[in-house]
Amino acid sequence: MYSIIDTHCHLDIIQEQGQEVAESLRNAKESGIKKIVQIGIDLESSIRAKGLSEKYSDEELEVFYSIGCHPTETHEFPKKEEILTLVRENISDKRLCAIGEIGLDYYHDDSTKAYQADVLHSFLEESGKLSLPVVIHSRDAAEDTVSLLKEHRDKAFGVIHCFTYDYPTAKKLVDLGYYISFSGILVFKNARDIQEAAEKLPLESMLIETDAPFLAPPPFRGKRNEPAYTKFVLEKMFSLRKEPNAEVEKILYNNSVKFTQRKAYHHD
């Protein structure tokens, strides 16, 4: 059995879609998942994420969480200060491993670019002040994402979750001190740009995730995703890397542990 960490999932949304949290975690354990990061996307889900970590963490599987404000949740932007206050209030909680997800998303609506950038700046500033990683969502916004993160270079740090760009973009982000996290999209046949990034990046700079219940990898594409399916991302990584499978598994696991411990990929 593998040892895997799902660094980004939404157990609460999986539950909304019909599968209880306890079942998701039972399946995860059977698949070799040792740790999960439950992601907050707004104030309510961030509070819920903390509760899930408290209720479901055990000796077999530890549930970490993040506190965030998703860039498509623009109706939540006025609650930015409340969300930042929630981060500060929980900074001593070791299961709080990140601020996020936050970021830029121009796919659905690019009329809020300036608003998204302003909110992202605030969270990046907090990352630097608190030495707490950020979980960056970036969709159809590669250039602006790189530019904004560059403004906070050597202060904010974290992970680009569910990476969907190409290797040159990934290299720029890694050079800024960010992990690159690969989701089930890595397994899609037409995801050649993403696969090239996974082939060429330093192994120490990468994480894996599900983003469950979204983006289920083959053979479950189009169905509900869950943390247990992280193993398919890992197995695809085996096929892309030149290192022995055991080394790939070990390094990805160690990277993920460092992330949950609030450390950047280049941290000693």
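Below, the structure is looked at part by part. (Residues numbered from 1 in each chain as written. Predicted model: local features only at pLDDT ≥ 70, side-chain atom pairs only at ≥ 80, totals over all residues. Heavy atoms only, no water.)

Some details on the layout of surface pockets
Approximately 520 Å³ is the volume found for the largest pocket. Around the largest pocket sit 22 residues that line it, and His70, Asp105, His137, Arg139 and Asp211 are the ones nearest its centre. Those elements that place two or more of their residues in the lining of the largest pocket are strand E4 (96-105) and strand E5 (134-139). Split into classes, the residues belonging to the lining of the largest pocket amount to eight nonpolar, eight polar and six charged. By volume, the second largest pocket is sized at about 170 Å³. In this structure, the second largest pocket is lined by eleven residues; those nearest its centre are Asp154, Ala156, Phe157, Ala264 and His266. A breakdown of the residues in the lining of the second largest pocket according to their chemical character gives four nonpolar, three polar and four charged. (1 Å grid on protein atoms, 1.4 Å probe; cavity = no way out; pocket = protein on both sides within 12 Å on 5 of 7 lines; lining within 4 Å. Points joined across faces, edges and corners; volume = space filled by probe spheres on them. Helix = DSSP H or I, 4+ residues; strand = E, 2+ residues; numbered from the N terminus. Nonpolar A, V, L, I, M, F, W, Y, C, P; charged D, E, K, R; others polar.)

A short note on the pattern of salt bridges
As enumerated under the stated definition, the model contains 14 salt bridges in all. Of the charged contacts in the structure, one is a salt bridge between Lys50 and Glu54, with a shortest N-O distance of 3.1 Å. Taken together, the residues span about one helical turn, with Lys50 and Glu54 both in helix H3 (residues 43-56) at a distance of four residues. Lys50 gets classed as partly exposed once you look at its relative accessible area, which sits at 23%. We note a salt bridge from Arg241 to Glu243, for which the minimum N-O separation is 2.9 Å. Residue Arg241 is classed as buried on the basis of its relative accessible area, which comes to 12%. Connected via shared salt-bridge partners are Asp12, Glu44 and Arg48. (Salt bridge = Lys/Arg side-chain N within 4 Å of Asp/Glu carboxyl O. Buried < 20%, exposed > 50% of the residue type's maximum accessible area, 1.4 Å probe, protein only.)

Quick word on the environment of Ser239
Within the secondary structure, Ser239 sits in helix H9 (residues 230-240). Along the sequence, Ser239 and Glu199 sit 40 residues apart, while their C-alpha atoms lie 9.2 Å from each other.

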